[in-house]
Amino acid sequence: MAAPSTQAGLNFCRTTKRIFGKYWRMRDFSGRSALCLQASAQKTGDPQEILIPKKKTWDKLAVLQALSSTVNRDPTAAHYAFQDDPYLTPQTSSDFKLYSLSQESGRNAAKYIINTFPRFFKKDFAEPHIPCLMPETFEPQITEVSEAALQERISLRKVKAAVQVYDQLLQAGTAVSLEATNDLLDLICFYGDRDPVREDMPEQRESEEVEEIQEVMPRNKGRLRRASDLLGIVWRENNNAERIFNLMPERNERSYCALIRGMVKCGAYTKAFSTYTDLLNNRLTADVHTFNALLATAPEIKEKYNEKLELVFDLLNQMGEQKVQPNLLTFNAVLKSLRKCGPLARVQAFHTLGEMKALGIEPSLATFHHLLGLFYKTASSGRGPTEILHEVMDEVEGKSFVAQDPDDVYFFSGAMKICLDLKDIELAYRLHRFLGEGDNWQLLGDSYLRSVYYGRFFNLLCMMENIDEILKWYRDLIPSLYYPNSQGLKDLLQALDTDNRLDLIPMIWKDIKRMGHANKADLVEEVLALMARDEHSSEVQQAFAECALAVKAEYEHGDRGRRSLEWTASALGNVATLLLRAGRTQEAWGMLQLFKSSNRVPDVALFAEFVNFAKANNNSNQAVELVRLSAGFSLPITAGLASRVKEEFELTDQQKSSLGELEALTSDSSDSDEE
């Protein structure tokens, strides 16, 4: 018995010796290697040395990024922006909007207080000092009229005050430098010749926009020609920008470019191209930003497709002649303009992408968005939208994009619309997986674009997937990412109907009520109609009856006492049918009485349902009462209903006489109607 243990001990010693021997050999080799390298460097005089850094410099967000990679999103929780107070966590789309507006209103109120009364916030207890938390200076400190005062008002973005100081300098005969004048021109053109609206005073923007629109309306004879007019950003005739530009003793490229971009931003496209012509006549060169603005508005100048294309490529040729290096926004502006140039622009889109590749410019999501928009509209010939979208997905998959163009946020919603129109669920899955790669989710856009994207995705799921897969996505997306509208819930109900899973409707009704859609009459009637269409097992019928009573409460009481639903004949009949099938006779008869109080006429099939139930329970009193109710509603089936009750029920003499009177009354009324 000792031999095996002795042998095991010897094996352990040999193994340990081999391991430590290997370690010491590696250590000795590494030491000799370092000495050899050092000796070789000294012998050859090579100044290169091996430097071992003392510490590693980490990004400021490295720890947070590492921690965030260890957790996943909780699909049962609301968005992280609404987790400060669980009581106020939004449950509906309207609550989501109200909560967001309340948060923004609170921030604006805090900014207003700290910026209006900065004297109360002079003490700074923060260590280290945090400049963004300190009150901003909005009032100018330089009172005398000088170029320094002008620069101060420009830095404070005081448009009217800066123009006033500039005019005072000119009236005093003081020359203003070209640099300061260009700064003032940039300020005026960027803000449309008016003071920017402070974030903490949004009502100022609303009042100014109303005034602007009232000024624009008479000029356009009651029609607003451009979207910029509707927003109140218009280019007035002989405004301060044009006046200062004309007063400048000398103008350089920056002066012309600022004026052109201001005209483009305010919708004065024709004037912008006229000013660009003046720039060329003065033998000056526009910068790349000016060309980008002109390229984006080129289709607005011409009417015919070929003329729009000619203008776009004429601008590109001028860029080449003036040796202006294009950037990503240049090519995106070209693709955006090509979308307005008809089917002939499709070939030019490939040439544009080839130029981007030749210059080494990586496309952004806006590039692919414009490309999809161009080919989806002209998909009647050549490669269709499915093939183009597959090629785009092959190009972008596995990459993480960052925002480089304001139109980047429209890619996901636009691509999902194509998937929905083509009913291609596999392509939609690829797009959704791409959304989850890296930081691509940040390019999904604001709350409206997110709702559009997820709404289209969920609509496609309801059309193409089985109910188990739909419910899996339903639990994953709602409510942490998406608050469905009434149409999305209708699509879910239709999916339940298609897969014959109507037993889940009571569960869906709870979500409908929780998400604030219990006041949508068409959605509520769809729920009742699906539950009352067919008969089910007793357990399911009991669940349907409870759901019907919950719906009845919405009709009678509404949300917090506010009624928003009015009874219809179909809704009353469906609730009565559901209660009757669950054996709740008294409540079902109460629904029949509601027909009278709500001035609604019941359906003929409802009386047949009640007669069948009375026959199953051999209740002749209910059958006679049904005939009486039918006569009260003057239904044409009263005589036939009375005959059926006589044949199928055992009646007393009193009941037979009552039926006879009802038949006679019905026949008399029918004769009078015929006369």
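Analysis parameters
- Residues numbered from 1 in each chain as written.
- Predicted model: local features only at pLDDT ≥ 70, side-chain atom pairs only at ≥ 80, totals over all residues.
- Heavy atoms only, no water.
- Patch = residues over 30% accessible without salt bridge, like charges linked within 9 Å, V, L, I, M, F, W, Y side chains within 5 Å.
- Areas by Shrake-Rupley, 256 points an atom, 1.4 Å probe, with all protein chains shown as cover.
- Salt bridge = Lys/Arg side-chain N within 4 Å of Asp/Glu carboxyl O.
- Helix = DSSP H or I, 4+ residues; strand = E, 2+ residues; numbered from the N terminus.
- 1 Å grid on protein atoms, 1.4 Å probe; cavity = no way out; pocket = protein on both sides within 12 Å on 5 of 7 lines; lining within 4 Å.
- Points joined across faces, edges and corners; volume = space filled by probe spheres on them.
- Nonpolar A, V, L, I, M, F, W, Y, C, P; charged D, E, K, R; others polar.
- Phe/Tyr/Trp six-rings, centres within 6.5 Å; stacked < 30°, edge-to-face > 60°.
- Buried < 20%, exposed > 50% of the residue type's maximum accessible area, 1.4 Å probe, protein only.
- Lys NZ or Arg CZ within 6 Å of the ring centre and 35° of its normal.
- Lys, Arg positive; Asp, Glu negative; His and termini not counted.
- Charge placed at Lys NZ, Arg CZ, Asp CG, Glu CD.
- Core = buried A, V, L, I, M, F, W, Y, C linked by side-chain atoms within 4.5 Å.
- Contact = heavy atoms within 4.5 Å.
- Axes fitted to C-alpha atoms, helices over the stretch in contact; angles between N-to-C directions.
- Left-handed = near helix turned anticlockwise from the far one by under 90°.

Peer 1: Any chance you could explain a nonpolar patch on the surface here in plain terms?
Peer 2: A contiguous nonpolar surface patch, about 400 Å² in accessible area, is contributed by L61, V63, L64 and L67. Residue placement: L67 occurs in helix α2 (residues 62-68).

Peer 1: Sorry, what's going on with the layout of surface pockets here?
Peer 2: Empty space among the atoms can be located by rolling a probe the size of a water molecule over them. Considered as a void within the structure, the largest pocket measures approximately 1,700 Å³ in volume. As for the largest pocket, its lining consists of 50 residues, and the residues nearest its centre are H79, R450, Y454, S480 and L481. Of all the secondary structure elements, the ones that give two or more residues to the lining of the largest pocket are α2, α3 (93-116), α19 (425-435), α20 (447-464), α21 (467-477) and α22 (486-498). The biggest single contributor to the lining of the largest pocket is α20, with nine residues. Residue composition of the lining of the largest pocket, by class: 22 nonpolar, 21 polar and seven charged.

Peer 1: What exactly am I supposed to notice about the packing of aromatic side chains here?
Peer 2: How two aromatic rings sit relative to each other is given by the distance of their centres and the angle of their planes. If you walk through the whole model with that rule in mind, you get 18 aromatic pairs. Their ring planes at 75 degrees and their centres at 5.7 Å tell us that Y276 and F291 sit as a pair that is edge-to-face. Of this pair, Y276 sits in helix α11 (residues 269-281) while F291 sits in helix α12 (residues 288-301), and the two are 15 residues apart along the sequence. Across the pair, F291 and Y276 agree in class, each one buried. Look at Y429 and F457: their rings are 6.2 Å apart centre to centre, the planes differ by 85 degrees, and that puts the pair in the edge-to-face class. Separated by 28 residues along the polypeptide, Y429 in helix α19 and F457 in helix α20 bring together distant segments of the chain. One exposure class covers both Y429 and F457, and it is buried. Among the aromatic residues, those joined into a ring-pair cluster are F401, F411, F412, Y429, F434, Y453, Y454, F457 and W473. Its guanidinium or amino end placed over the ring of F245, R251 lies 4.7 Å from that ring's centre, counting from NZ or CZ. Taking NZ or CZ as reference, K265 lies 3.8 Å from the ring centre of F190, over its face.

Peer 1: What should I look at first to understand a negative patch on the surface in this one?
Peer 2: A grouping of E303, E307, E310, D314 and E321 is seen on the molecular surface, where their side chains present a negatively charged patch. Within the secondary structure, D314 sits in helix α13 (residues 305-321).

Peer 1: For this particular structure, what's the right way to read the nonpolar core?
Peer 2: Most often, soluble globular proteins keep nonpolar side chains buried together rather than apart. Of all hydrophobic cores here, the largest spans 157 residues; its most connected members are L150, F411 and F412. Residue contacts for F411: discarding those within four places in its chain leaves L365, F368, H369, L372, V392, L431 and F434.

Peer 1: Please clarify how the side chain of T352 should be interpreted in this entry.
Peer 2: Within the element layout of this structure, T352 appears in helix α15 (residues 345-359). Those residues in contact with T352, other than ones at most four positions away along the chain, are F331, V334, L335 and L338.

Peer 1: What is the right way to look at the packing of helix α25 (residues 538-556) against helix α26 (residues 569-581) in this model?
Peer 2: Each packed pair of helices is defined by two parameters, the angle between the axes and the distance between the axes. For the pair α25 and α26, interaxial distance at closest approach is 8 Å and the crossing angle is 145 degrees. The crossing of α25 and α26 is left-handed. Facing Q541, F544, A545, A548, L549 and Y555 of α25, the residues of α26 in contact are A571, V575, L578, L579 and R581. Looking at side-chain class alone, the contact of α25 with α26 contains nine nonpolar, one polar and one charged residues.

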